[in-house]
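Structural overview
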Amino acid sequence: MSNRRIIFAKRPDGLPSDETFKFETGDIPEPKEGEVLLKTLWISVDPYLRGKMNEGPSYTAPFNVGEPITSGTIAEVVKSNNGKFPVGTIVSNMGPWAEYTVSDGQYMRPVSKDVPLSQYLGTLGMPGATAYFGLFEVLQPKAGETIVVSGAAGAVGSIVSQLAKAHGMYVVGTASTEKIPFLNKLGCFD
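Residues numbered from 1 in each chain as written. Predicted model: local features only at pLDDT ≥ 70, side-chain atom pairs only at ≥ 80, totals over all residues. Heavy atoms only, no water.

**Comments concerning unusual backbone geometry**
Under the convention used in this document: Helix and strand labels come from DSSP, where a helix needs a run of H or I of at least four residues and a strand needs a run of E of at least two; each type is numbered from the N terminus.
If you check the backbone angles, Gln-140 has positive phi at about 55 degrees while not being a glycine. With respect to the helices and strands, Gln-140 occurs in the loop between α2 (126–139) and β8 (146–149).

This is the structure in structure tokens:
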């Protein structure tokens with residue numbers, strides 16, 4: 001068996017193109033003591049990844065040319081040398097875009113199979129946490145207040161909008177014309 005990976009091959013000038021990425025095939029890595037071998041099930045492709053393709057100062061480190069792209073993943077432990085994560089455990093992880101990867105468990109957390117696994121990269125993952133804590137811990141609005149959500153059709157904005165409406169706020173959202181039907185289906189805008 002082999003391991004397919006997506007490598008960050010070149011910093012784009014403008015939109016990413018085929019030259020930005022390189023597909024490689026290599027050996028499946030072997031986990032050492034304290035590590036696990038993960039089989040990737042889901043990979044998150046988030047807007048912030050475009051910013052990581054640029055060099056220079058940012059809130060997050062840029063991708064290194066010649067290395068795999070990394071983002072949120074959902075994976076299954078298929079080999080374990082780590083007692084915290086037995087074989088068969090499904091985990092949320094920050095990992096490379098690869099079919100198989102080795103982890104020491106530092107950025108892994110077990111997740112339940114009782115919900116669709118993709119939700120751990122959306123509503124139950126980074127976008128959901130950003131929406132929840134940004135709304136309730138940073139903004140701290142009260143029921144009856146008006147909240148305006150820019151980018152209301154995005155991963156975070158759509159969750160903020162739903163949370164705000166569920167907590168009795170008057171919600172106004174902004175988005176491009178083609179995304180308005182999606183927002184109307186959410187039913188959380190006044």
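**Quick notes on the pattern of salt bridges**
So the rule is basically this: The term salt bridge refers to a pairing of a side-chain nitrogen on Lys or Arg with a carboxyl oxygen on Asp or Glu at a separation within 4 Å. The buried label goes to any residue with under 20% of its type's maximum accessible area, the exposed label to any with over 50%, and the partly exposed label to all in between, with areas taken from a 1.4 Å probe on protein chains only.
Under the definition given, this model contains six salt bridges. Residues Glu-30 and Lys-79 are paired through a salt bridge, measuring 3.0 Å at the closest nitrogen-oxygen approach. Of this pair, Glu-30 sits in the loop between β2 (21–26) and β3 (36–43) while Lys-79 is found in strand β4 (residues 70–80), placing the two residues 49 residues apart along the sequence. The class for Glu-30 is exposed, based on a relative accessible area of 53%. Here Lys-165 ties to Asp-190 by a salt bridge, and the two come within 2.3 Å at their closest N and O atoms. Of this pair, Lys-165 sits in helix α3 (residues 155–166) while Asp-190 is found in the segment after α4 (180–186), placing the two residues 25 residues apart along the sequence. Residue Lys-165 is classed as partly exposed on the basis of its relative accessible area, which comes to 30%.

**Regarding the environment of Ala-166**
Mapping Ala-166 onto the fold places it in helix α3. Sequence-wise, Ala-166 and Gly-134 are 32 residues apart; in three dimensions their C-alpha atoms are separated by 16 Å.

**Overview of α3**
Selection criterion: Helix span, expected: 1.5 Å multiplied by one less than the number of residues in the helix. Contacts are assigned to residue pairs that have any heavy atoms within 4.5 Å of one another.
Its twelve residues give α3 an end-to-end C-alpha distance of 17 Å, which sits within 8% of 16 Å, the value for a rise of 1.5 Å per residue. For α3, the complete set of buried residues consists of Gly-157, Ser-158, Ile-159, Val-160, Ser-161 and Ala-164. If you follow the buried residues of α3, they end up packed against α2, β8, β9 (170–173) and α4. Gly-168 sits one or two residues past α3 and shows a positive phi near 80 degrees.

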